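# Understanding the architecture of this molecule
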Amino acid sequence: MLEMSNISKIYQMGDESLYALQDVSLRVAEGEFVAIIGPSGSGKSTLMNLIGCLDVPSTGTYKLDGKDVSDLSGDQQAVIRNEKIGFIFQNFNLLTKLTALENVELPLLYRNTSSDERRRRALDALKQVGLSDRAGHKPMELSGGQQQRVAIARALAGDPPILLADEPIGNLDSTSGKEVTDLMHSLHRQGHTIILITHNQEQANEASRKVSLYDGRIISDQKVCHESDADTQAASASAPDGKRVSQ
Amino acid sequence: MNLLQALKMGLSGIAANKMRSVLTMLGIIIGVAAVIILVSLTTGATQSITDRISSMGSNLLMVNVFGRGNIGSLTEAEMNDWREREDIAYLAPIINGNQEVKAGTETISANIVGTVDDYLLMNSLTLSAGRSLADMDILGRTHVAVIGSEIADTLYEGEDPLDKILKVSGVNFKVVGLLESSGSSMTGSNDTRVLIPYTTVQRLLQNARISQVTIGVAEAEQVPAVKSYLESELLSKYGSSDYFNIFDQTELLSTLAETTALMALLVGGIAGISLLVGGIGIMNIMLVSVTERTREIGIRKAIGAKKRHILSQFLVESVVLSCTGGLIGIAAGIGITRLVGMLVTDLNGLVSPSVVAIAFGFSAAIGIIFGVYPANKASSLNPIDALRYQ
Ligand SMILES: Nc1ncnc2c1ncn2[C@@H]1O[C@H](COP(=O)(O)OP(=O)(O)OP(=O)(O)O)[C@@H](O)[C@H]1O
Ligand SMILES: [Mg+2]
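All values reported here derive from a predicted model rather than from experimental measurement. Sequence positions are assigned chain by chain, starting from 1 and proceeding in written order. The naming scheme follows written order: chains are lettered A onward, ligands numbered 1 onward. Local features in this predicted model are restricted to residues whose pLDDT is 70 or higher, and side-chain atom pairs enter the listing and the counts only when it is 80 or higher, whereas totals over whole chains, interfaces and linings include all residues. The side-chain quantities take in all heavy atoms of the structure and omit both hydrogens and water.

## Points about the overall build of chain A
If you tally the helices and strands in chain A, you get seven helices and 10 strands. Throughout, the radius of gyration refers to the C-alpha atoms, and the reference size of a globule is 2.2 Å times the residue count to the power 0.38. Taken over the C-alpha trace, chain A has a radius of gyration of 18 Å; the compact-globule value for 247 residues is 18 Å, and the two agree within 12%. When accessible area is computed with a 1.4 Å probe and restricted to protein chains, residues below 20% of their type maximum are described as buried, those above 50% as exposed, and intermediate ones as partly exposed. Residues counted as buried form 53% of the 247 residues belonging to chain A. The criterion used for residue contact is that any of the two residues' heavy atoms lie within 4.5 Å. Pairs at least 24 apart in sequence give 67% of the contacts found in chain A among residues at least 6 apart. Of the accessible surface of chain A, which amounts to about 11,000 Å², a share of 44% is contributed by carbon and sulfur atoms. A run of DSSP states H or I qualifies as a helix once it reaches four residues; a run of E qualifies as a strand once it reaches two. Both are numbered from the N-terminal end. Per-residue and other accessible areas were derived by the Shrake-Rupley procedure at a 1.4 Å probe size, with only the shown protein chains allowed to occlude residues.

## Regarding the sheet that holds strand 2 (residues 16-28) of chain A
All names here are of chain A. Two strands make a pair as long as DSSP finds a minimum of two bridges between them. With antiparallel pairing, four strands are arranged side by side in an open sheet as 2-1-4-5. At either end of the open sheet lies a strand with only one pairing partner, and these are strand 2 and strand 5 (67-68). Both strand 4 (residues 59-64) and strand 5 contribute to a ladder of two bridges, which runs antiparallel. Within the sheet, the bridge partner assigned to K63 lies in strand 5 and is D68. Along the sheet face, helix 1 (residues 44-51) touches strand 1 (2-13), strand 2 and strand 4 and points at about 120° away from the line of strand 1. Only C-alpha atoms enter the line fits that serve as axes; for helices the fit covers just the stretch in contact. Angles between N-to-C directions range over 0 to 180 degrees.

## Re the pattern of salt bridges
For side chains of opposite charge, pairing can occur when their charged atoms come near one another. Put simply, a salt bridge is a Lys or Arg side-chain nitrogen that is within 4 Å of an Asp or Glu carboxyl oxygen. Enumeration over the complete set of coordinates arrives at 21 salt bridges over all chains. Put simply, E159 of chain B and K164 of chain B hold a salt bridge, and the shortest N to O gap is 3.5 Å. The partner of R293 of chain B in a salt bridge is E296 of chain B, with the nearest N and O atoms 3.2 Å apart. Both residues of the pair, R293 of chain B and E296 of chain B, count as buried. Overlapping salt bridges, with partners in common, bring together E117, R120, R121 and D124 of chain A in one network.

## Details of the environment of L64 of chain A
All names here are of chain A. If you trace the backbone, L64 turns up in strand 4. Given a relative accessible area of 3%, L64 falls into the buried group. The spatial distance from the C-alpha of L64 to the C-alpha of N205 is 26 Å, given a sequence separation of 141 residues. Leaving out residues up to four positions away in the same chain, L64 has contacts with M1, L2, V69, I80, K84, I85 and I162.

## A closer look at the site of ligand 1
We call a residue near a molecule or strand when any one of its heavy atoms sits within 4 Å of it. Around ligand 1, 15 residues are found, and the nearest of them are S40, G41, K44, S45 and T46 of chain A. What surrounds ligand 1 is not a single chain but chains A and B. With respect to ligand 1, the backbone of G43 of chain A contributes an N or O atom lying 3.0 Å from an oxygen atom. In the analysis that follows, any N or O atom pair within 3.5 Å is treated as a polar contact, provided that within protein one partner can donate a hydrogen and the other can accept it, and provided that, for residues neighboring in sequence, both atoms belong to side chains. A distance of 2.7 Å separates an oxygen atom of ligand 1 from a polar side-chain atom of S45 of chain A. Isolated, ligand 1 exposes 630 Å² of accessible area, and the fraction of that covered by the protein chains is 68%. Considering every element that reaches the shell around ligand 1, the biggest residue donor is helix 1 of chain A, with three residues.

## Regarding the interface of chain B and chain A
Counting from both sides, the interface comprises 20 residues of chain B and, opposite them, 24 residues of chain A. Summed over both partners, buried area is the accessible surface (1.4 Å probe) that two parts give up on being assembled. Summed over both sides, the interface of chain B with chain A buries roughly 1,900 Å², with 60% coming from carbon and sulfur. It is I299, I303 and I384 of chain B that lose the most area in chain B upon contact with chain A, and together they represent 28% of the buried surface on that side. Taken together, the links from chain B to chain A amount to zero salt bridges.

## Brief notes about the layout of surface pockets
In this analysis a 1.4 Å probe is tested at points of a 1 Å grid over the protein atoms alone, and where it fits but cannot get out there is a cavity; an open set with protein on both sides within 12 Å along at least five of seven lines is a pocket; lining residues have an atom within 4 Å of a point. Grid points are joined across faces, edges and corners, and a volume is the space filled by probe spheres set on the points. In this structure, the largest pocket occupies an estimated 980 Å³ of space. Of all elements in the fold, only helix 3 (100-109) and helix 4 (115-128) of chain A together with helix 1 (3-15), helix 2 (18-55), helix 9 (249-292), helix 10 (294-303) and helix 11 (307-343) of chain B reach the threshold of two or more residues within the lining of the largest pocket. The classification used treats Ala, Val, Leu, Ile, Met, Phe, Trp, Tyr, Cys and Pro as nonpolar, Asp, Glu, Lys and Arg as charged, and all other residues, Gly among them, as polar. Across the lining of the largest pocket, the residue classes break down as 16 nonpolar, 12 polar and 14 charged. The calculated volume of the second largest pocket comes to roughly 370 Å³. Contributing to the lining of the second largest pocket are 15 residues, with S45, F89, N91 and D166 of chain A together with R388 of chain B lying nearest its centre. Elements with a minimum of two residues in the lining of the second largest pocket: helix 1 of chain A together with helix 13 (383-388) of chain B. Taken together, the residues that form the lining of the second largest pocket break down as five nonpolar, six polar and four charged.

This is the structure:
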């Protein structure tokens, strides 16, 4: 469903070229729960921006659902983001002036969806994250955990094939963090494909697959064995040959 | 996303910063109101002046002579010659000046007009009581006066002024006629006018020249012929057209129309500048708003907003700001114009639909023109940078 081959992202800093990502290849199949882990500056967010079509790679090809998306215009990228990707950010990124419901409606607003349909689907999504009773609340009137759940509902509302989360619990205390993590696992069990970026080894180990980044390269890519859900392990078919690339 | 949603979004953007939105609109409100007030008052004043001129009838000719050395002004014989003509129906010499008039202890400043009965006809003046100046008054140089209603009200306060004494610079006149109130005309208020036989004026002032004559041509189409006849007469008398002039109504009206159209354009232009300033205010605020909402733009883009979605959101905001400002400005402009009309007599503004339409169109255009740059800036933001913006 998602296939990156030899992707590099180069930032030109004056005369120097900075490789934020170097020769990264990654395949993610439907229904996987992939954790991307790595130290700060290793290129996780850069990778997420590429996966999420917020940015285009400098070299390499990226296929999403069989369609080459490595070289799209801004508006074409916007359509892909709207239809294929549900973003979940570390700092929630909700619009503070809108209610929870209006926030969740946003992705549908940029499609041709009738207002009734929009409302119905947004309410559905809020129900899925257990916040039906907070539809009329503004983000400021919600706890951090609740805000992140609203953000997840927003990511779900457009029914995208991929949920992309960049350190979704980085700004949350452990209780709210657990709430959000549990929610993501339950979404995974319902069949959503999830790509999670995290600093946290423990959280990464709960995923079905763990991809480690270091200095812009993938240094390891392993399935994670769980006693509980053995079925998800079979899914991954990963790219990098070596488990460890010398630095 | 359709227009309705864009409108909703724009409106909520405006509502989010009410005070600022009102202040931004103020520039447009003042600009539009100023354009409407100034242009309406100018056209209103023009209209009332032209109305008065036209009400005097369209076949009047105004002859002014300035005299040349010992070739004096108009003579009795010349006037009689002109009166003889078939195509000249009325002729009134005019000698006028402002004087204090008195009755008993009351005093008022009046416009004394030495003339004949024809003057009333040509100025559409009617008598409410008594009689007009008669031929025998002219011949006999009698001391009789026909007075305006304001003079009557001030000097005689409710009493019947007929046959009362009126003192004009110490000389006694008998009031024989009373004019109906008729407001003012080009040459001043008719109601503070005192009409006396011009021959009497000539005798009192000794050697008062007749330098002004109003002529009523019998038929409108004869005006050019009469005018050229008078021109040739006066030209042969004075030898040069520098020493007299002859105005007809159309000439007067067209000169007036030209001047006032220029006036309206000028004041409208000056007021238009304030509209422009208002537009720049909108652009300024929209730019601030784009910067402030960079993160919002990033979020919207990440979620799938296209360039045109963001563009229309901000453009709608600036257009709604300027159009709302325009509508309020129109209401304020019309209201103030009316108010001025009520407070100041003789200054009735004329709000023409075209001025309202132009002012509104202009303010809408300003919203678009000055909104495009900020909106375009917003829609061109790179989503990653916008998301990262603190
Ligand atoms: N716009 C940019 N211009 C130049 N260099 C950039 C840009 N964005 C990222 N980089 C560089 O690319 C590298 C990878 O950055 P990235 O944000 O992907 O790291 P990260 O793994 O997400 O780190 P963190 O865990 O701190 O979020 C860093 O060295 C960073 O300095
Ligand atoms: Mg990061």
